[in-house]
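# Summary of structural features
Below are the chains, spelled out letter by letter.
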Amino acid sequence: MPVSVPTVDLQSHRTGTIPSVYYNPDFVTASLADEIIKQVYAVPEGHARWTVLRTRRLQCWGGQLQADGRAHDPSDLCPWLQQLCTLLVTCGIFPAHAPPNHVLINEYQPGQGIMPHTDGPMYYPRTATLSLMSDAVFKLAQRPRSPGDIGSVDLSPTEALLLRNRSLVVFADAAYTDFTHGIDFVHEEAVGDGSGGTCSVVNGPEAGVAEEEVVVERALRISLTFRHVPDAARTGQQQMPAPHT
Ligand SMILES: O=C(O)CCC(=O)C(=O)O
Ligand SMILES: [Fe+2]
């Protein structure tokens, strides 16, 4: 798969007020997107690489992270995904000392989503997610630090971003550790100025949302989530985060 993208000046893609959240529209060309989609669906339905959950299905590449903190096959990345991981370093999204080496490919039917969660301490605190085939609203909320926070801290979504087809969202550092992220389980969502039940997004101009309200209809969506598992996690020195649905 011939892959290349220009160097990305991540700072120029900062969005919203939460530090270390970046949105890059049109990160991949339509033809590279088509190629990636073809590769994802080259894994047939029913193949062991697909894990079917109640709320979505997913492919895990780079080793199934075990409850005791080990990834049993850290070199388990197919060549085309390895190429994309390398590209995320060469274009400046990941540092060379922490290259992506673990990829989750999620597939959502319209109406499906992912509950608010953090990606957990197993990974270097940086996640890059490529959205394909459908737009979706991605919501970040303050993470409860202790059970006592529940009820006393405002955990309602702090910021929302519209993730367009072919865009890349990156969140790192405090945005990774101190905020949850999730996608609502809906068939459509109204993006606007926050009034009349619309959801206001922080990346409206970059995502091509003008002043007027836009109704985002969910189609079948896949996302590729790239992360780095440090060596310590592979040797079992850290705990697996609670699984999320
Ligand atoms: O599909 C997405 O954009 C989010 C996926 C995600 O948060 C995850 O796999 O941890
Ligand atoms: Fe996540």
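In case you missed it, the structure is sitting above this.
The shown structure was predicted, so the numbers you read here are calculated from the model rather than taken from an experiment.

### Quick word on the pairing of strand S6 (residues 126-132)
Most of S6 is tucked away, with seven of its seven residues classed as buried. With burial as the criterion, each face of S6 is covered, one bearing Arg126, Ala128, Leu130 and Leu132 and the other bearing Thr127, Thr129 and Ser131. Note: S6 against strand S9 (residues 168-172), five bridges, orientation antiparallel. Residue pairing for S9: Thr129 is matched across the bridge by Val169.

### A closer look at the sheet that holds strand S4 (residues 102-108)
Taking strand neighbours across the sheet as the criterion, the seven strands line up as S1-S9-S6-S13-S4-S3-S2 in an open arrangement whose pairing is antiparallel. Single-partner strands in this sheet number two, and they are strand S1 (21-24) and strand S2 (50-52). The sheet shows a mean angle of 20° between the axes of neighbouring strands, direction not considered. The sheet contact formed by S6 and strand S13 (residues 221-227) spans five bridges and is antiparallel. Within the sheet, the bridge partner assigned to Thr129 lies in S13 and is Thr225. Helix-sheet contacts for helix H1 (residues 30-40) involve S2, strand S3 (57-61), S4, S6 and S13, and the interaxial angle to S6 is about 95°. The sheet contacts of helix H2 (residues 79-90) involve S3, S4, S9 and S13, and relative to S13 the element is tilted by about 60°.

### A closer look at empty space enclosed by the protein
All chains considered together, the criterion is met by three cavities of 30 Å³ or more. The calculated volume of the largest cavity comes to roughly 150 Å³. Around the largest cavity, the lining comprises 19 residues; the ones closest to its centre are Asn106, Ile114, His117, His181 and Thr225. Elements with a minimum of two residues in the lining of the largest cavity: S4, strand S5 (114-117), S6, strand S10 (179-183) and S13. The class makeup of the residues in the lining of the largest cavity is seven nonpolar, eight polar and four charged. Phe27, Val28, Leu84, Leu87, Leu88, Leu130, Leu168 and Phe226 are the residues that line the second largest cavity. Looking at which element gives the most residues to the lining of the second largest cavity, the answer is H2, with three residues. Tallied by class, residues from the lining of the second largest cavity come to eight nonpolar, no polar and no charged.

Reading guide: rules and limits
- Residues numbered from 1 in each chain as written.
- Chains lettered and ligands numbered in written order.
- Predicted model: local features only at pLDDT ≥ 70, side-chain atom pairs only at ≥ 80, totals over all residues.
- Heavy atoms only, no water.
- Buried < 20%, exposed > 50% of the residue type's maximum accessible area, 1.4 Å probe, protein only.
- Helix = DSSP H or I, 4+ residues; strand = E, 2+ residues; numbered from the N terminus.
- Pairing = 2+ DSSP bridges.
- Axes fitted to C-alpha atoms, helices over the stretch in contact; angles between N-to-C directions.
- Contact = heavy atoms within 4.5 Å.
- 1 Å grid on protein atoms, 1.4 Å probe; cavity = no way out; pocket = protein on both sides within 12 Å on 5 of 7 lines; lining within 4 Å.
- Points joined across faces, edges and corners; volume = space filled by probe spheres on them.
- Nonpolar A, V, L, I, M, F, W, Y, C, P; charged D, E, K, R; others polar.

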